[in-house]
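For reference, the chains in residue letters:
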Amino acid sequence: MIQVQLINDLKENVKAAKQAGKSIGFVPTMGFLHEGHMSLVKHAREENDFVIMSIFVNPAQFGPNEDLDRYPRDLERDTKMAVEAGVDLLFFPQAEEMYPQDGGITIRAGAQADVLCGASRPGHFDGVLKVVTKLFHLVEPTKVYFGQKDAQQLAIIETYVRDYNFPLEVRRVPTVREEDGLAKSSRNVFLSEKERVEAPLIQQAIQMGLEDYQKNQDAEKATLVTIQHIENGTSGNIDYVELLSYPDLTNNLSNNKSIILAVAVFFEKARLIDNLILNNKGE
Ligand code: AMP
């Protein structure tokens, strides 16, 4: 596996891959890898000649009181996992090189960022779009892989790529879970033992909410079912529970649209998110 920290070294390798006629599959991450990330690599490996993974804890997507400084990092372990997963090139730039100066131009996500995590983390998705713009230009991927665990991020990036003609294809990868249903996340290490036992209830609660919605077609009631299950069974504090159309993320649930039930819960040291998406056939 090729390991590069500098942008110029990345670009040389990208150029060589392109000249050799290779398709490039790209998996952007913030590291502290787990099986969710590995699943993205597996899909990228199957569909491309050359697989690039980036590890960059992107300061632009963290708010002032968020967990940028204590976000878990372990590049040595990540490197081993990336080798095992079959990554061809690992890019781990430094913030100083990614953001050497501020020219004052910003990229703003649209209405899809006014709800869910965008509402509780102002500017978060602008920061995501900032880094993916740079990474897409540097990596020149044929296909990019994002997890449905971060469904709002995926929806916004799909819109961005479509509306601004990025010459690449966005691939959706299903959420990978622990055996008890908890969505894998780098932040799960911050859960106390007690919280870790409680956390799978989030997924259960989402399922219960969606089942209720399928029966009654009442979004308010369905979200209440989810809220009650989380409140009764966990010590976490709910940030949001919302049932919206997907991927446009509005309250208009009519006419055969896919829907998402999305949840964010604060535990003592970790804010966890999870969701389930039902397509217009109810699957
Ligand atoms: P992160 O390192 O948390 O920024 O995540 C990098 C990529 O991995 C994003 O596209 C996430 O959606 C995806 N991802 C994170 N957790 C999971 C999971 N449990 N299952 C599938 N994809 C995931």
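This write-up is about the structure you can find in this document. (Residues numbered from 1 in each chain as written. Predicted model: local features only at pLDDT ≥ 70, side-chain atom pairs only at ≥ 80, totals over all residues. Heavy atoms only, no water.)

Considering the side chain of D78
Within the element layout of this structure, D78 appears in helix 3 (residues 75–85). Given the relative accessible area of 1%, D78 is considered buried. Excluding anything up to four places from it in sequence, D78 contacts G31, F32, L33 and I55. (Helix = DSSP H or I, 4+ residues; strand = E, 2+ residues; numbered from the N terminus. Buried < 20%, exposed > 50% of the residue type's maximum accessible area, 1.4 Å probe, protein only. Contact = heavy atoms within 4.5 Å.)

Notes on the sheet that holds strand 4 (residues 89–91)
As summarised here, the arrangement of the six strands in space is 1-4-3-2-5-6, forming an open sheet in which the pairing is parallel. Two strands close off the open sheet at either side, each with one partner strand: strand 1 (2–4) and strand 6 (169–173). Neighbouring strand axes in the sheet, compared pairwise and without regard to direction, differ in orientation by 25 degrees on average. Strand direction decides the pairing type here: strand 1 and strand 4, joined by three bridges, are parallel. Counted as the bridge partner of I2 is L89 from strand 4. Helix-sheet contacts for helix 3 involve strand 1, strand 3 (50–55) and strand 4, and the interaxial angle to strand 3 is about 165 degrees. (Pairing = 2+ DSSP bridges. Axes fitted to C-alpha atoms, helices over the stretch in contact; angles between N-to-C directions.)

So, the environment of R172
On the secondary structure map, R172 appears in strand 6. The sequence separation of R172 and N216 amounts to 44 residues, and the corresponding C-alpha distance is 29 Å. Contacts of R172, omitting those with residues within four sequence positions, involve F146, Q148, L154, E158, Y246 and P247.

No statement about biological role is implied by the geometric values presented.
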